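The primary structure of each chain is shown beneath.
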Amino acid sequence: MPRRTVPGPPSAPDVSVVVIGYNDRANLPNAVRSVLDQTLRNLEVIVVDDCSTDGSGEVAEELAREDPRVTVLRLPENSGGCSRPRNAGLDLARAPFVMFLDSDDVYERHACKNLLIEAERTGADVVAGRVVRVNLTRDKESLWAKDLFGARAVYHGVRDNPMIFFDPLSTNKIYRREFLDRHGIRFPEGVHYEDSLFSTKVYCLAETIAIIPNLVYLWRVVEDAEELSITQRRYEFENFRDRVAVHRMMDTFLREHGGADLKVYKDFKFVRHDLKLYLSDLAHRDEEYQHKFMRLAADYCATISDETLAMVYPLERICVHLIRRLDVAETLRTVDYLRYGFKLSTDLVERDGKVYWTAKYLDTPEDRAVMDVTEMGFHRLPFSRIDLHNQVTSARVVGSRLHLEGSVVNQLGRLDPPGKLSLSVSLRNRGRPSRRTHRVDDWTLAGNRLHYRVVVDLSRAVGALDAQVPLWDLRLEITKDGATNVTPFSIDPAMVSGHPIRVRGRLGGLAPGYLVPFVTPRLNLGFQQGDDTTVTQVAGQANRLGIRARMSVRWRSSKAVGNNPALKALAYKAFRRLPVKKGLVVFESHLGKQYSDSPRYIYEAAVAAGLDRLGLDPVWSYARRTEGFPTDVRLVRRESWRYHLDLARAEFWVDNQGFPRVFGRRRETTYIQTWHGTPLKRMGFDSPALERASASVRRQHKAMMRRWSALLVPSEYFVETFVKSYGYDGELVRHGLPRNDLLVRGVDDDWVEAKKRELGLPTDRRLVLYCPTFRDRARRLETPYELPLDLEQMRRALGDDVHLMLRTHYLDTFRLSARFAPFATDVSRHHDVTELMLIADVLVTDYSSVMFDFANTGKPMVFYTYDYEDYVRDERGTYIDLPDVAPGPVVLTNDELTAALARVDDDVEGYRDRYAAFRERFCSYETGHAAEHVVKEFFEGRSLDGRAGS
Amino acid sequence: MTRDVFLVANNLEELGGVQRVTHNLAMMLHERGHRVTVIGIQHATQPHDYGDRPYRWLVLNEEPEPPMPKEAGLRGRLDPRVRAARAAHLAARKAAVGRLSALFAEADTGAVVCMQVWAMAWVAAAKTGHLHVIGMSHESFDATLGSTRWERVQQLYRDVDVLLLLTEHDASRFELEGFNNVGVMHNSLSFYPAAASDLSAKVVVAAGRLASEKGYDRLIDAFGSIADRHPEWVLKIFGEGPLRGRLEKQVESLGLTGRVRLPGLAGDIETELVASSVFALSSIHEGLPMALAEGMACGLACVAFDCAPGVREIVTDGVDGIVVPPRNVPALAEGLSRLMADEDLRRAYGAAARQSVRRFAPDAVLAGWERLFDLVDR
């Protein structure tokens, strides 16, 4: 939209915006324009130039000439900070409300109006809005302090939500001028981190604080390219000292203004956020520096109360205690955990049935209480999942050979005999799943360390450089008793020079190729491809490419030469004129994503009955990866040329979702449709999408259905809903679903035990499978999927007895923090959910059709329907009312879920009748032999010339 | 303070909800003294006669715009016919946008209110000068999200002065999606009768297009299932539409001839509503169902499917009406039966309903628009 012209300077502006800048002439106009372009036009802008020497002052005056709403104030002397300019601007401000902005940031277009309206509506002294942190180096955006800005809120004093202390910014807020003047609140001059002190004063004294969820401020951050360089480090101590000084000032202020109780929350932020930023530098300093630093930190940590320490994570608590003891080495190990990806570089020690963070400082019961990390469950992790910290002690490059020496922490004696160890080194390109490994023979196990020496010929290790993704990760793989632990190479950045290493290039080695070593943000060793003229790449930039790696793999496959879908569709029509290949069966599950579900079980039943005897030639379709598919059957890539050929000539098609529309079924082919779930939500022509759709779309749907020769059904309910709603009038096979056969018949304990071990799951706890359904409405929205479980709370309440298996719908992805490894496992990518149901003891779901499958086992279920209102009220509506039929408790909150899981055994009796009725209604046709039935009905007794029964 | 107000929609001639609302709003603003111009981007294929209107009414494209040819890609770009068609489309669009800009340029101060997403493409391309731009959505967030309009809404509506939704719920949904300019504006009732129904007539009434989204088949089923319990009551469904034949057959096959009537379009819907006692909303989808509000304005007790946030924006279950789960025929029947049996309940709900929909009365809605204009002027 074009900028509107403005009718003259405002006589009574609604908001004054103070924009400050120093030597930032490139960005200043953007900041000012983002204010002038606001939908709130009745504002004034006061640009305060802190005596710049780069012409910023002139730039500001030019802006004032363009728009009469702008006033410029040029300070006669540079103040060295933000406070003096802001205060000076504040003095000139005429409006009843005031906002602040820095020259290198911008406002969102509606920010001023949204903040102003909320301030007027609520009478608040201060209103804060959402912030997005834009990392210009990594090309990433992230929501900052997002828990605070989830919803509109009005607080009558900061005690209503003390977590507000986590937002110390002054640039995402609007302040009532009269409030600031009444209390004499101004930015403290001569002090760094003035925002924190200013905000503390505001929070302490404000009677009403409002929050709006709207984005108001874009905080642009350029990561220093030389983040780990020496020059940067020089100022770390001064920065830390200033931060501590400001905290002391905040403490004094709180004490003097009736806010002494608020220090607890203010300190929470200090421990959670501020402290860690400065500790990582310590490793590279001399003793004198370290001592000075720790002294300063310990002095301040002495003022932190036990109340604050009870609020933080166990490791943060331990960190503070170690600082108080002035123990540099131990403190740094907590930093490894807290800052660098939960690395266990410490030596955990087991004593009297408990696990402690370190063997030192266990003298008194109070000390032991602090160091006790038993509940974190490290000792319960299977071999493949425990962190075996690997630190490189020496690294040298000779030609293209990398010489590494290092040691691995023998955590809790996991590397001890019995069980033979074998080591290898692997190098993997981030864009590819495969990797090359090389055995490591030169190693010794001595007490609590495994020392190794390895030489990696990078030229050979790499193979071919990758055209798309230039990042490589180096890993140490330790195998013991069939289980493998994979650990990165942690390395001191000082050891990494960044000199390119010559390797074989692309084009069969004709072009020169180089690998440049670099250090990841988690301080692990990695390599980046480069050419002759490449400057040393640094961690931040490399990771930016890492993010693109995922995208590039997809891009690559779709743009490959000779991949024209239209051409293939034409070819398919031609292929169909070829004679049918007797016995050829094409199996597909979930569009080739997995080897799973009913197609799998039909295939396995056919194998058991004898493929040769039946005269069958099976082939499995896969979409992208072949992991998880059997190795002894022919695989065909979905939508490849061969796929078209196979489908054209097959005698049978077996799948659970529907082959692509372009594949019309020929008369001689029998298409067995197993479908993949019993519907809860209205589907087919009952669903609004199809109800409203044009006639041609409806015709297309009907045509797709008519391709099916036979549809397997698990219950009459399925017939009433799915079959009716799609208007399918072909053959129905009322014998249950092959995928549920094992659920009906059960499996023996040995199988369960072995499967648990295969998946790295504990065998001494109840396994709870959390399997929510896909959230329809989230599909097209910007908001990423968030697990609706408070894992921390659940772990505390249930961790002794329960281990969670988390399986989100394959279209929702989330990241499970390594912190929860002992309590929860992400099994979302496990290819067959039936296996998970067989080993689970309890199922937690909401509206997923897994409930109908799981009911065949008779095991308890809990329904966690935290968004039930929204789910049923959306356009689609449901066929049944879940609370009416649920064979287990229906809970709405995380707390209720935890409680229900705690008493799941007690509830079984009470739900017995409902469970039986549920099975009767939704599993009525399940026999436990559905797969065999299909084999008998369709594959056996075909006439010799291969003509199918239908 | 009077203003120039432009109301823009795809076309202003069809007999549809958006058109009625736009003309209604135009009339209200005009009577208030604002300088109103109503602009349809093109003519409708089946125009309805809205009669003479006292405000300016234009159609931007007298002839339908030559369409953008579909053959993109290399082959298309080389084909001279395709190139010509493309050029013709672009030229026509440019000219139309120019005409629109010229209209806006005549204005002094005020706003452009764009009622539909397709029309917004023109408004966005035009020069709006001093005028504020307000987008107004007449469907629920979910309906937009599930449609092809979603991408365009994302592109075109984040930067307008205000995006108006019909309900608080929908405004929150958009806000959560990062739209920082949302607001709520109700449509106004076209009438607010001087006297309410006396609730003596044993008539259940519904009014709307005889099309599938109004769910009248379910209403007939529901009424049929309780018809015997209330032998003196009848159901009247006013309106016309493609499903007339099917609905009549359904009435016959259920043996409800005479009990369920389909009298066609009401000559004066206000009179018909006042002559009834219970209003039923059986729709499958709705935006903000003004028919329901009209029924309530007449003092009727109502039962409604909870099929959209707009329903709860108008009626509150247990306070001024009955709200039942969507598509649930037994629940609808139950609700109807309760109101048909209990006269005291009918009166209580009816009276509460008449009060609560005052906020949809023309003067209340007009005041809302004035406040909005003041707000965007700040």
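Procedures and definitions
Residues numbered from 1 in each chain as written. Chains lettered and ligands numbered in written order. Predicted model: local features only at pLDDT ≥ 70, side-chain atom pairs only at ≥ 80, totals over all residues. Heavy atoms only, no water. Helix = DSSP H or I, 4+ residues; strand = E, 2+ residues; numbered from the N terminus. Buried < 20%, exposed > 50% of the residue type's maximum accessible area, 1.4 Å probe, protein only. Contact = heavy atoms within 4.5 Å. Pairing = 2+ DSSP bridges. pLDDT = per-residue confidence, 0-100. Phe/Tyr/Trp six-rings, centres within 6.5 Å; stacked < 30°, edge-to-face > 60°. Salt bridge = Lys/Arg side-chain N within 4 Å of Asp/Glu carboxyl O. Patch = residues over 30% accessible without salt bridge, like charges linked within 9 Å, V, L, I, M, F, W, Y side chains within 5 Å. Areas by Shrake-Rupley, 256 points an atom, 1.4 Å probe, with all protein chains shown as cover. Lys, Arg positive; Asp, Glu negative; His and termini not counted. Charge placed at Lys NZ, Arg CZ, Asp CG, Glu CD. 1 Å grid on protein atoms, 1.4 Å probe; cavity = no way out; pocket = protein on both sides within 12 Å on 5 of 7 lines; lining within 4 Å. Points joined across faces, edges and corners; volume = space filled by probe spheres on them. Nonpolar A, V, L, I, M, F, W, Y, C, P; charged D, E, K, R; others polar. Polar contact = N/O pair within 3.5 Å; in protein donor to acceptor, adjacent residues only side chain to side chain. Axes fitted to C-alpha atoms, helices over the stretch in contact; angles between N-to-C directions.

Before going further, it helps to spend a moment on the overall build of chain A. When you go through chain A residue by residue, the secondary structure sums to 34 helices and 36 strands. A buried classification covers 55% of the 950 residues belonging to chain A. Considering only intrachain contacts with a sequence separation of at least 6, the fraction spanning at least 24 residues in chain A is 71%.

Bringing the sheet that holds strand β31 (residues 766-770) of chain A into the picture now. All names here are of chain A. Across the sheet, which stays open at both edges, the 6 strands sit in the order β33-β32-β31-β34-β35-β36 with parallel pairing between neighbours. Looking at strand neighbours, the two that pair on one side only are β33 (824-826) and β36 (890-891), the edges of this open sheet. Direction of pairing for strand β32 (residues 802-806) relative to β33: parallel, over a ladder of 3 bridges. Among the inter-strand pairings, M805 is bridged to a residue of β33, identified as T825.

Moving on: unusual backbone geometry. All names here are of chain A. Cis peptide bonds are those with omega within 30 degrees of zero, and the linkage from P417 to P418 qualifies with 5 degrees. Position of P418 among the secondary structure elements: in the loop between β14 (401-409) and β15 (421-429). At Y193, a position not held by glycine, the phi torsion is positive, near 55 degrees. Counting through the fold element by element, Y193 comes out in the loop between α5 (177-183) and α6 (194-205). By relative accessible area, which is 22% here, Y193 ends up partly exposed. Even without being glycine, D481 reaches a positive phi, approximately 55 degrees. Along the polypeptide, D481 turns up in the loop between β19 (471-480) and β20 (483-488).

Attention now goes to the confidence of the model for chain A. Residue and element names in this part refer to chain A. Of all residues in chain A, 87% have pLDDT values of 70 or greater, and the mean over the chain is 85. Strand β9 (residues 173-176) holds the highest mean pLDDT among the elements of chain A, 98, whereas helix α17 (residues 539-559) holds the lowest, 40. Within the model, the stretch residues 225-232 combines pLDDT values under 50 with 7 contacts to residues more than four positions away or in other chains. Below a pLDDT of 50 lies the segment residues 945-950, which in the model reaches 11 contacts outside its immediate sequence neighbourhood of four places, other chains included.

With that settled, consider the pairing of β14 of chain A. All names here are of chain A. Sheet analysis places strand β13 (residues 390-398) next to β14, joined by 8 bridges and oriented antiparallel. The residue of β14 that forms the bridge with R396 is H403. Count of turn residues in the β13/β14 antiparallel hairpin: 2 residues, of which G399 carries a positive phi of about 65 degrees. Where β14 lies against strand β18 (residues 449-457), 9 bridges are found, and the strand directions are antiparallel. When the bridges of β18 are listed, S407 appears paired with H451.

Turning next to the packing of aromatic side chains. All names here are of chain A. Considering all chains together, one arrives at 48 aromatic pairs over all chains under this definition. Ring geometry for F270 and Y300: centres 5.1 Å apart, planes at 70 degrees, overall edge-to-face. One end of the pair, F270, is in helix α9 (residues 263-279); the other, Y300, is in helix α10 (residues 287-301), and 30 residues separate them in sequence. Accessibility expressed as a relative area gives 0% for Y300, which makes it buried. For the pair F918 and F922, a centre-to-centre distance of 4.7 Å together with 55 degrees between the ring planes defines the contact as tilted. Taken together, the residues F918 and F922, both in helix α33 (residues 904-922) and 4 residues apart, mark about one turn of the helix.

Two side chains that carry opposite charge are able to pair once their charged atoms sit near each other. Residue and element names in this part refer to chain A. Scanning the entire structure with this criterion turns up 72 salt bridges over all chains. Residue R94 is joined to E44 by a salt bridge in which the shortest nitrogen-to-oxygen separation is 3.1 Å. Here R94, found in the loop between α3 (83-92) and β4 (97-102), pairs with E44, found in strand β2 (residues 43-49); they are 50 residues apart in sequence, far enough to count as distant. Its salt-bridge partner being E758, residue K755 comes within 3.3 Å of it at the nearest N-O pair. Within this pair, K755 and its partner E758 are both found in helix α26 (residues 749-758), separated by 3 residues, close to a single helical turn. Linked through salt bridges whose partners overlap, the residues forming this network are R600, E604, K755, E758, D832 and E835.

Moving on to a negative patch on the surface. Residue and element names in this part refer to chain A. Side chains of D748, D749, D750 and E753 sit close together on the surface and give a patch of like negative charge. Tracing the sequence through the fold places D750 in helix α26. Note on D750: relative accessible area 62%, which makes it exposed.

Residue and element names in this part refer to chain A. On inspection of all chains with the given rule, the structure shows 6 cavities of 30 Å³ or more. In terms of lining, the largest cavity is formed by F165, P168, S196, S199, T200, Y203, H247, M250, K266, K269 and D274. Of all the secondary-structure elements, those providing two or more residues to the lining of the largest cavity are α6, α8 (236-256) and α9. Residues that form the lining of the largest cavity fall into these classes: 4 nonpolar, 4 polar and 3 charged.

Let us look at the side chain of T358 of chain A. Residue and element names in this part refer to chain A. Note that T358 resides in the loop between β12 (354-356) and α14 (365-371). The exposure class of T358 is buried, given its relative accessible area of 4%. For T358, the side chain forms a polar contact with the main-chain nitrogen of K360, separated by 3.3 Å. The contact partners of T358, leaving out residues within four places of it in the chain, are E330, T346, D347, V349 and M371.

What follows is about the sheet that holds strand β27 (residues 652-655) of chain A. All names here are of chain A. The strand order β26-β25-β24-β27-β28-β29-β30 describes an open sheet built from 7 strands, whose pairing is parallel. With partners counted over all chains shown, the strands left at the sheet margins are β26 (634-637) and β30 (731-733), one partner each. Strand-to-strand twist across the sheet, computed as the mean angle between neighbouring axes with direction ignored, equals 25 degrees. Bridge count for strand β29 (residues 710-712) against β30 is 3 bridges, and the pairing is parallel. Opposite L711, over in β30, you have L732 as the bridge partner. Against the sheet, helix α24 (residues 716-726) touches β29 and β30, its axis set at about 130 degrees to β29.

To continue, consider a nonpolar patch on the surface. On the surface, L567, L570 and W641 of chain A cluster together to form a nonpolar patch covering roughly 310 Å² of accessible area. Looking at where L567 of chain A falls in the secondary structure, it is placed in helix α18 (residues 565-575).

Turning our eyes to something else, we now look at the pairing of strand β34 (residues 842-845) of chain A. Residues and elements named next belong to chain A. Side chains V842 and V844 of β34 all project onto a buried face; the interleaved residues L843 and T845 project onto the opposite face, where all are buried too. Pairing between β31 and β34: 3 bridges, direction parallel. Across the sheet, the residue bridging to V768 is V842, located in β34. Where β34 and strand β35 (residues 861-864) come together, 3 bridges link them in parallel fashion. Residue V844 lies in a different strand from β35, and its bridge partner there is V862.

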